[in-house]
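# Structural description and commentary
Letter by letter, the chains look like this.
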Amino acid sequence: MRVYTSPRFHPKLYIFGDVVALVGSANLTRSALRENQEVVISVDSSDDRFVELRAIFEGYWNGADVPTDAQLAIYREFYKQFAKHDAAAEALGQKVLDKLGGTQRVRPSQYPITHWLV
């Protein structure tokens, strides 16, 4: 685990060993994987771009810090506060949908992530 605290750090790059890299809009969260509309492409290790993606990832990894126990304890407390605000934001978002209606769209469950990784 590493800590990278720049407010402008937002890549979604996941490397799984020497096998595959995933690049896209998805965070590794329950909602991203089960509910949100996300786009992710896979880059197989046989693709020349895999080496480039691995180098980018290693640059991020090497530029970040190993969190201390004290930092992790502080983060846990902030996360608890965030969870309270996140629930309120979700409720407000639902009120907006109730008033304005939702867009008819393809539900992510029609295209489960397991199909992307096959």
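Look up: the structure comes first, before these words.
The model shown is predicted, which means the values in this text are computed figures rather than measured ones.

### Things to note about the overall build of the chain
Helix and strand counts for the chain stand at 4 helices and 3 strands. Along the chain, helices and strands appear, N-terminal first, in the series β-β-α-β-α-α-α. Burial status across the chain gives 14% buried among its 118 residues. Considering only residue pairs separated by 6 or more positions, the chain has 55% of its internal contacts joining residues 24 or more positions apart. Summed over all atoms, the accessible surface of the chain reaches about 9800 Å², with 57% contributed by carbon and sulfur.

### Quick notes on the layout of surface pockets
Empty space within the largest pocket amounts to approximately 1100 Å³. Among the secondary structure elements, those contributing two or more residues to the lining of the largest pocket are strand 1 (13–16), helix 2 (48–63) and helix 3 (69–100). Looking at the lining of the largest pocket element by element, the count peaks at 6 residues for helix 3. For the lining of the largest pocket, the class distribution of residues is 17 nonpolar, 5 polar and 2 charged.

### Re the nonpolar core
Leu13, Ile15, Ala21, Val43, Phe50 and Leu53 form the largest nonpolar core, which has 6 residues in total. Those elements giving two or more residues to this core turn out to be strand 1 and helix 2. The contacts of Ala21, once residues within four sequence positions are left out, are Leu13, Tyr14, Ile15, Ile41, Ser42, Val43, Phe50 and Leu53.

### So, the sheet that holds strand 3 (residues 40–44)
With antiparallel pairing, the 3 strands of this open sheet are ordered in space as 1-2-3. The open sheet is flanked by strand 1 and strand 3, the only strands paired with a single partner. Across the sheet, the axes of successive neighbouring strands diverge by a mean angle of 20°, strand direction being ignored. Seen against the sheet, helix 2 touches strand 1, strand 2 (20–24) and strand 3 and runs at an angle of roughly 110° to strand 1.

### Details of the side chain of Glu38
Positionally, Glu38 belongs in the loop between helix 1 (30–34) and strand 3. It turns out Glu38 is buried and unbridged, and the closest side chain with the opposite charge, Lys12, is 6.8 Å from it. Reaching out from Glu38, the side chain makes a polar contact with the side chain of Ser25 at a distance of 2.6 Å. At 3.3 Å, the side chain of Glu38 forms a polar contact with the side chain of Asn36.

### Some remarks on helix 3
In a regular helix each residue adds 1.5 Å, so 32 residues correspond to 46 Å; helix 3 covers 45 Å between its end C-alpha atoms and thus fits that length. Following helix 3 by one or two positions, Gly101 has its phi on the positive side, about 85°.

What counts, and where the lines are drawn
Residues numbered from 1 in each chain as written. Predicted model: local features only at pLDDT ≥ 70, side-chain atom pairs only at ≥ 80, totals over all residues. Heavy atoms only, no water. Helix = DSSP H or I, 4+ residues; strand = E, 2+ residues; numbered from the N terminus. Buried < 20%, exposed > 50% of the residue type's maximum accessible area, 1.4 Å probe, protein only. Contact = heavy atoms within 4.5 Å. Areas by Shrake-Rupley, 256 points an atom, 1.4 Å probe, with all protein chains shown as cover. 1 Å grid on protein atoms, 1.4 Å probe; cavity = no way out; pocket = protein on both sides within 12 Å on 5 of 7 lines; lining within 4 Å. Points joined across faces, edges and corners; volume = space filled by probe spheres on them. Nonpolar A, V, L, I, M, F, W, Y, C, P; charged D, E, K, R; others polar. Core = buried A, V, L, I, M, F, W, Y, C linked by side-chain atoms within 4.5 Å. Pairing = 2+ DSSP bridges. Axes fitted to C-alpha atoms, helices over the stretch in contact; angles between N-to-C directions. Lys, Arg positive; Asp, Glu negative; His and termini not counted. Salt bridge = Lys/Arg side-chain N within 4 Å of Asp/Glu carboxyl O. Polar contact = N/O pair within 3.5 Å; in protein donor to acceptor, adjacent residues only side chain to side chain. Expected span 1.5 Å × (residues − 1).

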